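Residues per chain, in single letters:
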Amino acid sequence: VGTANTASNVLDDYEEGSWSPAITTDGGGGNSGVTFGDRYGTYTKIGRVVTVHVFVNLDAVSSFGTGNVIISTLPFSSNTDSGYRSAISIGFAKNWDNAPSGGTISSNTNVIYLRKRNGTSALENFTDIVQVGDMNANSEIILTATYETA
């Protein structure tokens with residue numbers, strides 16, 4: 001079977017790379033009191049579609065910002081359409097008081113908002129955003145996300 005190399009089927013935008021993702025907050029104060037253990041992020045971008053794989057481990061937390069817990073510094077900003085959303089998949093979370101069960105990437109941003117169940121039942125939705133009080137020193141997370149860029 002042969003393949004024709006026409007403009008419609010030639011891959012013209014492919015990129016792989018790595019970066020250092022961080023757990024921080026969106027309410028100010030940053031993460032200057034956080035000591036990271038391992039943190040590793042890889043990405044593959046094909047056209048406008050980006051897939052990221054993230055592992056972050058906290059060694060110690062002496063102080064932390066306020067507000068919602070986010071994974072920051074995604075390698076590319078998301079789609080700028082006002083209604084755009086993308087869901088993420090969490091494969092592993094350890095040492096959280098209220099472990100994240102999912103997450104979202106909103107429009108025109110380079111962060112992931114971690115989500116937790118809004119009740120104790122497995123049937124509850126992932127509508128609550130993870131807060132600073134939900135994590136601990138030695139919290140770990142492994143996740144995968146696929147999203148569109150602008």
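Residues numbered from 1 in each chain as written. Predicted model: local features only at pLDDT ≥ 70, side-chain atom pairs only at ≥ 80, totals over all residues. Heavy atoms only, no water.

A. Spatial organisation of the environment of Asp 12. Summarising the element assignment, Asp 12 is placed in the segment before β1 (14-19). Judged by relative accessible area, which is 71%, Asp 12 ranks as exposed. It is 8.4 Å that separates the C-alpha atoms of Asp 12 and Ile 46, two residues lying 34 residues apart in sequence. (Helix = DSSP H or I, 4+ residues; strand = E, 2+ residues; numbered from the N terminus. Buried < 20%, exposed > 50% of the residue type's maximum accessible area, 1.4 Å probe, protein only.)

B. How the structure looks around the nonpolar core. The biggest cluster of nonpolar side chains holds 29 residues, and the ones touching the most others in it are Ile 23, Val 52, Ile 112, Leu 114, Ile 141 and Leu 143. Of all the secondary structure elements, the ones that give two or more residues to this core are β2 (22-25), β3 (34-46), β4 (49-61), β5 (69-72), β6 (85-96), β8 (112-116) and β10 (135-148). (Core = buried A, V, L, I, M, F, W, Y, C linked by side-chain atoms within 4.5 Å.)

C. Molecular detail of the pairing of β5. Of the two faces of β5, the one lined by Val 69 and Ile 71 and the one lined by Ile 70 and Ser 72 are each fully buried. Sheet analysis places β2 next to β5, joined by 4 bridges and oriented antiparallel. Within β5, the residue paired with Ala 22 across the bridge is Ser 72. As judged from the 2 bridges shared by β5 and β8, these two strands associate in the antiparallel manner. (Pairing = 2+ DSSP bridges.)

D. Structural detail: the side chain of Arg 115. Looking at the secondary structure, you find Arg 115 in strand β8. Comment: no salt bridge for buried Arg 115; closest opposite-charge side chain is Asp 128, at 6.9 Å. Among the polar contacts made by the side chain of Arg 115, one reaches the side chain of Thr 104 at a distance of 3.5 Å. (Lys, Arg positive; Asp, Glu negative; His and termini not counted. Salt bridge = Lys/Arg side-chain N within 4 Å of Asp/Glu carboxyl O. Polar contact = N/O pair within 3.5 Å; in protein donor to acceptor, adjacent residues only side chain to side chain.)

E. Representation of a nonpolar patch on the surface within the structure. On the surface, Leu 11, Tyr 14 and Ile 46 cluster together to form a nonpolar patch covering roughly 300 Å² of accessible area. Take Ile 46: it is sitting in strand β3. (Patch = residues over 30% accessible without salt bridge, like charges linked within 9 Å, V, L, I, M, F, W, Y side chains within 5 Å. Areas by Shrake-Rupley, 256 points an atom, 1.4 Å probe, with all protein chains shown as cover.)

F. Focus on the pairing of β4. Of the pairings in the sheet, the one linking β3 to β4 comprises 11 bridges and is antiparallel in character. Bridged to Ile 46 within β4 is Val 49. From the end of β3 to the start of β4, which pair antiparallel, there are 2 residues, and Gly 47 there has a positive phi angle of about 65°. Relative to β10, β4 is paired through 9 bridges, and the arrangement is antiparallel.

G. Summary view of the confidence of the model for the protein. Residues of the protein with pLDDT of at least 70 account for 85%, and the chain-wide mean is 85. Within the protein, the lowest mean pLDDT, 84, falls on strand β9 (residues 128-129), and the highest, 96, falls on β1. (pLDDT = per-residue confidence, 0-100.)

H. Quick look at the pattern of salt bridges. If you walk through the whole model with that rule in mind, you get 3 salt bridges. With a shortest N-O distance of 2.6 Å, Asp 134 and Lys 116 are connected by a salt bridge. Here Lys 116 lies in strand β8 and Asp 134 lies in the loop between β9 and β10, a separation of 18 residues in the sequence. Taken as a pair, Asp 134 and Lys 116 share a single burial class, namely buried.

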